[in-house]
Amino acid sequence: MVEDFEVAISQGQLAGAVSHVLAKPLPFFNSTPLHIAVVGEPGSGKSSSINAMLGLRADDPRAAATGIQMTTVQVKDYPHPTLPQVILWDHPGRGTPTFREDKFEKKDDLNHFDFFIIVGSQRFRSTHSDLVREIQDMGKSFYFVRTKADLDLSAAKRQQPSDYNEEKVLLHIQEDCKECLVREGVRDPQVFIVSNWEADCFYFPLLQETLKNDLLRLKRQVFLLRFPSICLPILEKKKTTVEEKILTKRLVLLVALGSLVPFLLPIFLFRKFHSWCFLDFGLDDQSLAALAQRVGKTSTALKAAMQSLGMFSAILWVLPDLVGLSVMAYEYHRWEHFPIFGCLLSGGILLLRTYRRKIRYFMLQKCISGAADDTQRLLSKALEAEGGKSI
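This structure is a prediction, so every number in the text was calculated from the model and none was measured. As a convention, each chain's residues are numbered from 1 in the sequence order in which they are written. Since the coordinates come from a predicted model, pLDDT governs what is reported: local features require at least 70, and pairs of side-chain atoms require 80 or more to be given and counted, while whole-chain, interface and lining totals use all residues. Calculation of side-chain values draws on the structure's entire complement of heavy atoms; hydrogens and water are dropped beforehand.

Structural notes on the overall build of the protein
Next, step 1: Note on conventions: DSSP H or I runs of at least 4 residues are helices, E runs of at least 2 residues are strands, and numbering of each starts at the N terminus. Counting its secondary structure elements, the protein contains 17 helices and six strands.
Next, step 2: Burial status across the protein gives 45% buried among its 391 residues.
Next, step 3: Residue pairs at least 24 apart in sequence account for 73% of intrachain contacts in the protein once pairs closer than 6 positions are excluded.
Next, step 4: Taken as a whole, the protein presents about 21,000 Å² of accessible surface, with 56% of it coming from carbon and sulfur. To sort residues, take the accessible area from a 1.4 Å probe on protein chains only and compare it with the maximum for the residue type: under 20% means buried, over 50% means exposed, and anything in between is partly exposed. By definition in these notes, contact holds between two residues if any of their heavy atoms fall within 4.5 Å. Using a 1.4 Å probe, accessible areas were evaluated by the Shrake-Rupley method; residue-level cover was limited to the displayed protein chains.

Quick look at the pairing of strand S4 (residues 115–120)
The side chains of a regular strand alternate, first on one face of the sheet and then on the other.
Next, step 1: In terms of burial, S4 is a largely internal element, six of the six residues being buried.
Next, step 2: Burial along S4 is two-sided: the residues Phe115, Ile117 and Val119 and Phe116, Ile118 and Gly120 are all buried.
Next, step 3: Paired strands, in this sense, are two strands between which DSSP finds at least two bridges. Where strand S1 (residues 34–40) meets S4, five bridges bridge the pair, whose relative direction is parallel. By the bridge assignment, Val38 is partnered in S4 with Ile117.
Next, step 4: Alignment of S4 against strand S5 (residues 141–146), held across six bridges, turns out to be parallel. Its bridge partner being in S5, Gly120 is matched across the sheet by Arg146.
Next, step 5: Traced from S4 through helix H5 (residues 126–137) to S5, the parallel crossover comes out right-handed. The crossover handedness rule: strands pointing away from the viewer, path from first strand over the helix to second strand clockwise, crossover right-handed.

Focus: the pattern of salt bridges
Next, step 1: Put simply, a salt bridge is a Lys or Arg side-chain nitrogen that is within 4 Å of an Asp or Glu carboxyl oxygen. Per the counting criterion, the structure on display carries eleven salt bridges.
Next, step 2: In this structure, the salt-bridge partner of Arg226 is Asp114, at a minimum N-O distance of 2.6 Å. In this pair, Arg226 is assigned in helix H8 (residues 204–230) and Asp114 in the loop between helix H4 (106–110) and S4, connecting sequence segments 112 residues apart.
Next, step 3: For Arg226, a relative accessible area of 26% corresponds to the partly exposed category.
Next, step 4: Overall, the relative accessible area of 7% leaves Asp114 in the buried class.
Next, step 5: Of the charged contacts, one joins Glu184 and Arg133 as a salt bridge, the two residues approaching to 2.8 Å between their closest N and O atoms.

Quick notes on the confidence of the model for the protein
Next, step 1: The pLDDT value expresses, per residue, how confident the predictor is, ranging between 0 and 100. Per-residue confidence for the protein gives a mean pLDDT of 78, with 71% of residues at or over 70.
Next, step 2: The low-confidence segment residues 97–108, where pLDDT is below 50, has 19 contacts with residues more than four positions distant or belonging to other chains.
Next, step 3: Within the model, pLDDT remains below 50 along residues 314–318, and this stretch shows 15 contacts once partners closer than five positions in the same chain are excluded.

Quick notes on the packing of aromatic side chains
Next, step 1: Side-chain rings of Phe, Tyr and Trp (the six-membered ring for Trp) are treated as a pair once their centres are within 6.5 Å; stacked means planes under 30 degrees apart, edge-to-face means over 60, and tilted covers the remaining angles. Applying the stated criterion to the full structure yields eleven aromatic pairs.
Next, step 2: Measuring from centroid to centroid gives 5.3 Å for Phe5 and Phe227, while their planes differ by 70°, and the two rings are edge-to-face. With a gap of 222 residues between them, Phe5 in helix H1 (residues 4–10) and Phe227 in helix H8 connect regions that are remote in the sequence.
Next, step 3: Between Phe28 and Phe223, the ring centres sit 5.8 Å apart and the planes meet at 80°, which makes this aromatic pair edge-to-face. Linking Phe28 in the loop between helix H2 (14–22) and S1 with Phe223 in helix H8, this pair joins segments that are 195 residues apart in sequence.
Next, step 4: Residue Phe223 is classed as buried on the basis of its relative accessible area, which comes to 10%.
Next, step 5: By way of ring pairs, the aromatic residues Phe5, Phe28, Phe29, Phe223 and Phe227 are connected into one cluster.
Next, step 6: By definition here, charges over rings are those cases where NZ of Lys or CZ of Arg is within 6 Å of the ring centre and within 35 degrees of the ring normal. Positioned over the ring face of Phe281 is Lys238, at 5.3 Å from the centre of the ring.

Considering the sheet that holds strand S2 (residues 76–79)
Next, step 1: With mixed pairing, the six strands of this open sheet are ordered in space as S2-S3-S1-S4-S5-S6. Each edge of the sheet is formed by a strand with only one pairing partner; in this case those strands are S2 and strand S6 (191–193). For this sheet, the mean angle separating the axes of adjacent strands, direction not counted, is 25°.
Next, step 2: As judged from the three bridges shared by S5 and S6, these two strands associate in the parallel manner. Residue pairing for S6: Arg146 is matched across the bridge by Ile193.
Next, step 3: Strands S1, S2, strand S3 (86–90) and S4 of the sheet are contacted by helix H3 (residues 46–54), whose axis makes an angle of about 155° with S3. Here the axes come from fitting lines to C-alpha atoms, over the contacting stretch only for helices, and the angles between their N-to-C directions go from 0 to 180 degrees.

Shown next as C-alpha cells:
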C-alpha cells in the first residue's frame, strides 16, 4: 500500500509530504528498526551491559564475549529478545588498537547507528566528551550508563564507614555525571548507575523501563532522520517520469530552437526549463514558502540547502556558440595571414558545435537530476530539527 507521503512526494507537494509524516501516530513507527550502539572505553563493561539488557549470562553461547582483557575487537549485533526491531551493537572500545584515530573517521563509523548508550566506569573522561560531541553533531540521542556501581559503593563504604549511605552515594555519582554532560551542552541528560552483575539492583530496571517507554519516540526520530533516504526510490522514479515526459516531447523543440536563434534565447529557454523542473519537484518559491511555514523555518534557510544547477549551467548551455563566435571574430581580425591554422581552428569549432545538442541534452538531464538531489537535501533540512529532537 502506497503511503500518503509517497504520493505527495511524487506530486511535488513537499509540505504535504512532511505534514503526513509528522501527523503519523507513534504506533506507525513500530516497524522501524532501531540500531543502538553501545560505546565507551575498553574495560568499562560494554559487553556485560549488553548481556544484562538481553537477559543473558556470560556463559550463554548467544552472549557478548566478556573478560578482563579486551574482548570486543569488531562491531557485532545482538537482536533484543523482547523489544521489536531493536538491535544492540557491541562496539570496540574507543582508544583500542582497532580504533586507529589517525586513520579512522569517527562520524562515518558511528553515523549508521540510530541511538547510543555511552558506557563509562569510575569517572567521566575525555573519551566520553568526544563521544557526546560526535553524537550531538549527528543530531542523535543517547543514554549515559555508569557501570560498576557495586565497586563504587564498596570503595565509599571503606572510605567513610560511619557516614555511608548507599542512596546518597548513587545520587552523588549520578549528579556528577549529569554536570559533566551539561557542560558538553546536553539538555536533561539521562544517566543510569548500574552494576552489570546485579541487573535487578540500582538503576538497571529503570534503564530497561526507560528504553521501553522511549522506544516509539526513538523510532519516530529515526524515521524522520532517514526520511530523505526513504524518499530516494520515489525521487528516482520521478526523475524517470520527468525525463520521459519532457525530454521526448518538449525538449526536441527547445534544442532545435537553440540551434536556430541567437544565443540569448537558448539561455532564456534553459532558465524556463529549470523553473519548470523546480515547479514539478516542488522547489518553486511558493512550495518552499509552504514547507518553511510547516516546519517553522524560513525560505532562505531552506534554499541554502539547495545546490542544483543555476545560471552557470545556462551559460554552459550556450558555451559552444559563445566560443565559436568569439574565436571566429578573433580569427577574422588577427589570423587572416595564417589560413592553414584558421582552417584547423574552424574545423574544431565546427566539431564543437556538432556536439552541442548532445551537450545540451546532457545539461537538461543534469538539471532534472539536480532538482531530485535538491529535493532530498531540502527534506533533510526541513526535518533536521524534528529528527534531532531530544527524547
